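Here is what each chain is made of, one letter per residue.
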Amino acid sequence: MTTVTVQASHTYDVKIARGLLASVGQEAARAFRGRTAAVVSDTNVAPLYLQAVTDSLNQAGFRVCPFVFPAGEEHKNGGTYLDLLEFLAREHLTRADGLVALGGGVVGDLTGFAAATFLRGVPFLQLPTTLLAAVDASVGGKTAIDLRGGKNLAGAFYQPQAVLCDLDTLDTLPAETFADGCAEVIKYGMIGDPALLDKLERLDFRADPEEVAARCIAQKRDLVEQDEFDTGARQLLNLGHTIGHGVEACSGYAISHGKAVAIGMTLVTRAAVSLGLCPAPVLPRLEALLHQYGLPTATEYPARALYEKTLSDKKRAGDTITLVVPTGWGKSRLRQIPVGELLTWIERGLGQ
Ligand code: GLY
């Protein structure tokens, strides 16, 4: 087992190993003073793992109340959030009790936001069951729901008591969902870990993801510890996400987050190369790596449509936007640009 300790608003461990779901009861006994655990999951994940999690919690003496909602980003909304809060109230959860998020990023974000706001804050555990949630969404305390106006527009910074990344859960992921997580893994390499990129090129980490996952989580830990509330260095984690957000939104969210991030990383790298900010060989090498892990690198959407959708993203601050710009193989920098310049970046990213 690998353990990464995060020192943020409070200190907590991210544990990475196979078979960890069986120890959730012990973890909850350390994290919650009370003896009720509300397990939040979705209709994809609950049939696979809810029973094992319930058994472990029961063995540790917990009363378990399960809340299962329909799978999909479209359910990470105010309706599901209020249903969950009403459920917690009906179950008489107290501040001594806790929530357990069992699922991917949607489950983790929704559960975290409910934990942050129910009774003004109850403890929660993250049990990520996708690679994307394991290496990114479950760590660092970003919680949110989507509004009609855009993704993650209502949320809070609220750290979990612990994160258990059970690598066995990755074995049941559809290839497409695993590929979404690979985009985030490659993102970590491009932000600041050239050796990780070299490793990803040389061998397929999918059969044995512990070391790679731990390395990504440790990098995220470093950025969260420097900048828990996302005003500086943590924004490096948005590499590929700004233009990627435009791609996702143009597709009506039919293109998944990981694939949109892969396209976003490619476009911003091509633009950086064309502006002389990044050496040219980085682009074909990045594209080859993304293809190796089943990810796309191009989009048919026109620059103007991408620009307009990108602007609805919350990463904008007044008249400027912070872009994460690759400046080498495994090296990226934050760059403030006037909002109007983003269109030029996107056009260059599309090779126009
Ligand atoms: N997912 C990006 C962050 O946690 O900051």
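Residues numbered from 1 in each chain as written. Predicted model: local features only at pLDDT ≥ 70, side-chain atom pairs only at ≥ 80, totals over all residues. Heavy atoms only, no water.

Draft legend 1. Seen up close, the site of the ligand. Every residue lining the ligand is accounted for by D136, K142, K220, R234 and L237. D136 is positioned with one of its side-chain polar atoms (N or O) 3.0 Å from a nitrogen atom of the ligand. Note that an oxygen atom of the ligand is positioned 2.7 Å from one of the side-chain N or O atoms of R234. Look at the ligand: alone it shows 200 Å² of surface, and the protein chains cover 88% of it. For the shell around the ligand, the class distribution of residues is one nonpolar, no polar and four charged. (Near = heavy atom within 4 Å. Polar contact = N/O pair within 3.5 Å; in protein donor to acceptor, adjacent residues only side chain to side chain. Areas by Shrake-Rupley, 256 points an atom, 1.4 Å probe, with all protein chains shown as cover. Nonpolar A, V, L, I, M, F, W, Y, C, P; charged D, E, K, R; others polar.)

Draft legend 2. Spotlight on the packing of helix 10 (residues 257-274) against helix 13 (residues 341-349). For the pair helix 10 and helix 13, interaxial distance at closest approach is 7 Å and the crossing angle is 95 degrees. Accordingly, the angle class assigned to the pair helix 10 and helix 13 is roughly perpendicular. Residues L267, V268, R270, A271, A272 and S274 of helix 10 form the contact with helix 13, whose participating residues are W345, R348 and G349. (Axes fitted to C-alpha atoms, helices over the stretch in contact; angles between N-to-C directions. Helix = DSSP H or I, 4+ residues; strand = E, 2+ residues; numbered from the N terminus. Parallel < 35°, antiparallel > 145°, perpendicular 65-115°, else oblique. Contact = heavy atoms within 4.5 Å.)

Draft legend 3. View of the pairing of strand 5 (residues 98-103). For strand 5, a buried count of six out of six residues is recorded, marking the element as mostly surrounded by other parts of the structure. In this sheet, strand 5 lies alongside strand 3 (residues 36-42) in parallel orientation, the contact comprising five bridges. Bridge pairing links V39 to V100 in strand 5. Relative to strand 6 (residues 124-128), strand 5 is paired through five bridges, and the arrangement is parallel. Each residue of the ladder has a partner; that of V100, found in strand 6, is L125. With respect to chirality, the unit in which strand 5 leads through helix 4 (residues 105-117) into the neighbouring parallel strand 6 is right-handed. (Buried < 20%, exposed > 50% of the residue type's maximum accessible area, 1.4 Å probe, protein only. Pairing = 2+ DSSP bridges. Right-handed = clockwise from strand over helix to strand, strands pointing away.)

Draft legend 4. A look at the pattern of salt bridges. Evaluated as defined, the whole model comprises 24 salt bridges. The residue E27 makes a salt bridge to R30 at a minimum N-O spacing of 3.1 Å. With a gap of three residues between them, E27 and R30 both fall in helix 1 (residues 24-31), about one helical turn apart. Among the residues examined, R30 registers a relative accessible area of 59% and is labelled exposed. Across the pair K151 and E248 runs a salt bridge, and its minimum N-O distance is 2.8 Å. With K151 in strand 8 (residues 150-157) and E248 in helix 9 (residues 241-250), this pair connects stretches of sequence that are 97 residues apart. (Salt bridge = Lys/Arg side-chain N within 4 Å of Asp/Glu carboxyl O.)

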